[in-house]
Amino acid sequence: MQKIAIIDYGIGNLYSVSKALEQVAGPQDRVITTSRPEAIASCDRVVFPGQGAAKDCMQALRTHGLEETVMEAARNKPFLGICMGMQVLMTKSEENQGTGCLAFYEGDVKYFGNHVSVGAGEDRYKVPHMGWNAVRQDQAHPLWAGIDQGSYFYFVHSYFVHCTDPALVAGTTEYGLPFTSAIAKDNVFALQCHPEKSAASGLRLLQNFVHWDGESRIH
Amino acid sequence: MSLAKRIIPCLDVDAGRVVKGVQFVDIRDAGDPVEVAKRYDDEGADEITFLDITASSDNRNTMVHVVEQVAAQVFIPLTVGGGIRTVKDIRTLLNAGADKVAINTAAVFNPEFVCEASARTGAQCIVVAIDAKRVSTGNEAPRWELFTHGGRKPTGLEAIAWAKKMEAFGAGEILLTSMDCDGMKTGFDLELTRAVSEAVGIPVIASGGVGTLEHLAEGVSLGCADAVLAASIFHFGEYTIGQAKAYMASKGIVVRT
């Protein structure tokens, strides 16, 4: 029996994440959606979701007094960031005229519109990047176990992560340009896409996470 | 590698039951939204749209329970449309596990509702559904207008300008239905689809008129749609989602496999 915390800081709908984790967790495991720092600290592994604007996410983390709790979890237990939960781990985002993030990793979050041709008309990329896109696995990782190279995952986002450290990149996706769709280091794995909405591939990744010992190498 | 074009089966739900007779031979209860949604998920549907056609307001909450049950077992994006009028309606559906809501009539009567909804829940959740009918005749330049009440009531609003306005108001996606083609099985109104898709910088879902797999492929290749939605060709077992994807792939369209 283990406890899995989904960090609830008032941003977005956590029902699907919770149901997907319950689906892949063991019958004795408990999936808890919580905003209480001590409850999060007492869990064996932590899922850090998020949606909406970077500024709102950072503000909500501060309001709930959860910044240090998130950082602490990312330092010492199996940790899965999803969507904005990946973006706010970086240094800063271009969103809302520049928003400082948690700076757990060095890198920027950039707007598609500043880097690829977006908008109406032929040969333009529509924003948000919405739908199923392929993820190239850039490093062998326990969380990719059983998932084919280039599998499709579901994305909904207008901003993307650019890592300063290439060793951090665990997955890359193309949308007008190649962008980092997954990062991994030590006990942290984070994804731009939504595993809870990515059918079999997403459920397999969540299942791998639920069983992960937090080591980034393959045993 | 690139973004796949989506195939979206659409289910009409009346008082919590799937209607229009879904005919899968091996499904125990063809009226059960969970069973039908699971089946489409297994076949490889990229997303599922539920259209609440419940007439009585007494049964409004039924749809919320349907979404909750489906979202607990089917892990692909879910869109819900039909009778959504307030931000509270939207929040309730999102909390039940819907990813997006489709707003139609409420947007026509109160466009600011789209602004408010988008600001409060995020553009990615807000699909604006447009029911358009061709009003030009003969040699006139093509022109489409919005109709409400299942295509019966004209609004005088021009469809392309309306789509652009809805994008500016914060829509994250357009669900475009041709009322001329809907139910006809003669294919999408490709001219309309292309005109709207090229006018906006948000994804466009083509809807209305699919009778063959070729129609689905044309919606993307000629209509420039980002996704195609169909109901009857999947419900009546004429084609599976897998067959649709294989056909589209054979035409050089990127699909999720």
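The rules behind the values
- Each chain carries its own residue numbering, running from 1 in the direction its sequence is written.
- Each chain is given a letter, starting from A, and each ligand a number, starting from 1, according to the order in which they appear as written.
- Per-residue local features of the predicted model are confined to residues with pLDDT of at least 70, and side-chain atom pairs are confined, for both listing and counting, to 80 or more; whole-chain, interface and lining totals are unaffected and use all residues.
- Remark: hydrogens and water are excluded; side-chain values derive from all non-hydrogen atoms of the structure.
- In this text, helices come from DSSP runs of H or I with a minimum length of four residues, and strands from runs of E with a minimum of two, each type numbered from the N-terminal end.
- Only the C-alpha atoms count toward the radius of gyration. The rule for a globule is 2.2 Å times the residue count to the power 0.38.
- The rule is simple: take the accessible area with a 1.4 Å probe, protein chains only, and divide by the maximum for that residue type; under 20% is buried, over 50% is exposed, in between is partly exposed.
- It only takes one pair of heavy atoms within 4.5 Å for two residues to be counted as in contact.
- Residues counted as positive are Lys and Arg, residues counted as negative are Asp and Glu, and His and the chain ends are not counted.
- The location of each charge is read from NZ of Lys, CZ of Arg, CG of Asp or CD of Glu.
- Joining through side-chain atoms within 4.5 Å is the link that ties buried Ala, Val, Leu, Ile, Met, Phe, Trp, Tyr and Cys residues into a set, and such a set is a nonpolar core.
- Strands were regarded as paired on the criterion that DSSP finds at least two bridges between them.
- Buried area adds together the accessible area that both of two parts lose upon being put together, with accessible area traced by a 1.4 Å probe.
- Only one rule defines a salt bridge in this text: a Lys or Arg side-chain nitrogen within 4 Å of an Asp or Glu carboxyl oxygen.
- Throughout this entry, Asp, Glu, Lys and Arg are counted as charged residues, while Ala, Val, Leu, Ile, Met, Phe, Trp, Tyr, Cys and Pro are counted as nonpolar. The remaining residues, Gly among them, count as polar.
- To get an axis, a line is fitted to the C-alpha atoms, and for a helix only the part in contact is used. The angle between two axes follows their N-to-C directions and goes from 0 to 180 degrees.
- Crossings are sorted by hand: turned counterclockwise from the far helix by less than a right angle, the near helix makes the crossing left-handed, and turned clockwise it makes it right-handed.
- Per residue, pLDDT measures the predictor's confidence, with a range of 0 to 100.
- Angular relationships are summarised with four words: roughly parallel below 35 degrees, roughly antiparallel beyond 145, roughly perpendicular across 65 to 115, and oblique for the angles in between.
- Whether two aromatic rings pair depends on their centres lying within 6.5 Å, for rings of Phe, Tyr and Trp, where Trp uses its six-membered ring; planes under 30 degrees apart make the pair stacked, over 60 edge-to-face, and the rest tilted.

Draft legend 1. Examining the overall build of chain B more closely. Looking only at helices and strands, chain B has 10 helices and 11 strands in total. In terms of overall dimensions, chain B is globule-like: its C-alpha atoms have a radius of gyration of 17 Å, near the 18 Å expected for 257 residues. Principal-axis analysis of the C-alpha atoms places the extent of chain B at approximately 50 × 45 × 35 Å. Expressed as a percentage of the 257 residues in chain B, the buried residues total 57%. Restricting to contacts in chain B with at least 6 residues of sequence separation, those with at least 24 account for 64%. Here chain B contributes 25 positively and 33 negatively charged side chains, and the mean placements of these two sets differ by 2 Å.

Draft legend 2. Highlighting the nonpolar core. Ile103, Ile174 and Leu216 of chain B are the most contacted members of the largest nonpolar core, which totals 84 residues. The leading source of residues in this core is helix 2 (residues 60–71) of chain B, at 6 residues. Counting 40 residues, the second largest nonpolar core, distinct from the first, contains Val24, Tyr175, Leu206 and Val210 of chain A.

Draft legend 3. Layout of the pairing of strand 6 (residues 126–134) of chain B. All names here are of chain B. With 7 of 9 residues buried, strand 6 lies mostly within the body of the structure. Both strand 5 (residues 100–103) and strand 6 contribute to a ladder of 3 bridges, which runs parallel. Counted as the bridge partner of Ala102 is Val127 from strand 6. Two elements, strand 6 and strand 7 (residues 144–148), share 3 bridges in a ladder whose sense is antiparallel. Across the sheet, residue Arg134 finds its bridge partner in strand 7, namely Trp144.

Draft legend 4. Just the interface of chain B and chain A, in detail. Each side of the interface is counted separately: chain B has 41 residues, and chain A has 32 residues. Of the roughly 2,800 Å² buried at the junction of chain B and chain A (both faces included), carbon and sulfur atoms supply 60%. Taking the shortest distance from any N to any O, the salt bridge between Lys126 of chain A and Asp226 of chain B comes out at 3.2 Å. Only helix 2, helix 3 (87–95) and helix 7 (190–199) of chain B provide two or more residues apiece to the side of chain B that touches chain A. A per-element tally of the side of chain B that touches chain A places helix 7 of chain B first, with 4 residues. In terms of residue class, the side of chain B that touches chain A is made up of 20 nonpolar, 9 polar and 12 charged.

Draft legend 5. Fine view of the packing of helix 6 (residues 159–168) of chain B against helix 7 of chain B. All names here are of chain B. The contact between helix 6 and helix 7 brings their axes to 9 Å, and the two run at 35°. Like other packed secondary-structure pairs, helix 6 and helix 7 cross with a definite hand, here right-handed. Touching Ala159, Ile160, Ala163, Lys164 and Glu167 of helix 6 are Leu192, Ala195, Val196 and Ala199, all from helix 7. Partitioning the contact of helix 6 with helix 7 into residue classes produces 7 nonpolar, no polar and 2 charged.

Draft legend 6. Seen up close, the confidence of the model for chain B. Here chain B shows a mean pLDDT of 92. Residues at 70 or above account for 95%. What the predictor reports for the complex is a pTM of 0.95 with an ipTM of 0.93.

Draft legend 7. Structural view of the pattern of salt bridges. Residue and element names in this part refer to chain B. Taken as a whole and judged by the stated rule, the model has 23 salt bridges over all chains. One salt bridge connects Arg194 with Glu198, and the closest N-O pair in it is separated by 3.2 Å. Note that Arg194 and Glu198 are positioned in helix 7 at a spacing of 4 residues, about one turn of the helix.

Draft legend 8. Spatial organisation of the side chain of Glu173 of chain B. Inspection of the secondary structure assignment puts Glu173 of chain B in strand 9 (residues 173–178). A relative accessible area of 1% places Glu173 of chain B in the buried class. Those residues in contact with Glu173 of chain B that sit more than four places away from it in its chain are Met130 of chain A together with Arg6, Glu47, Lys100, Ile126, Val127, Val128, Ile202, Pro203 and Ile205 of chain B.

Draft legend 9. Expanded view of the packing of helix 1 (residues 33–43) of chain B against helix 2 of chain B. Residues and elements named next belong to chain B. Direction vectors running N to C along helix 1 and helix 2 enclose 40°, while the axes themselves pass 9 Å from each other. Here helix 2 runs oblique to helix 1, going by the angle between their axes. With respect to the hand of their crossing, helix 1 and helix 2 are arranged in right-handed fashion. Contacts from Pro33, Val34 and Ala37 of helix 1 reach helix 2 at Val66, Gln69 and Val70.

Draft legend 10. Structural context of the packing of aromatic side chains. All names here are of chain A. Throughout the structure, instances matching the rule amount to 14 aromatic pairs over all chains. Summarising the aromatic geometry, the rings of Trp144 and Phe189 are spaced 5.4 Å apart at their centres and angled 80° between planes, so their arrangement reads as edge-to-face. Remark: Phe189 occurs in strand 14 (residues 188–191) and Trp144 occurs in the loop between strand 9 (136–137) and strand 10 (152–157); sequence separation between them is 45 residues. The class of Trp144 is buried, set by a relative accessible area of 4%. Judged by relative accessible area, which is 0%, Phe189 ranks as buried. Each ring, one from Phe160 and one from Phe179, has its centre 6.1 Å from the other, and the planes form 50°; the classification is tilted.

Draft legend 11. Structural view of unusual backbone geometry. Residues Val127 of chain A and Pro128 of chain A are joined by a peptide bond in cis, for which omega reads 10°. Along the chain, the position of Pro128 of chain A falls in the loop between strand 7 (107–111) and strand 8 (129–134). If you check the backbone angles, Asp186 of chain A has positive phi at about 50° while not being a glycine. Locating Asp186 of chain A in the fold gives a position in the loop between strand 13 (178–185) and strand 14. For Asp186 of chain A, a relative accessible area of 46% gives the class partly exposed. Phi angles above zero are rare outside glycine, and Cys224 of chain B is one such case at about 60°.

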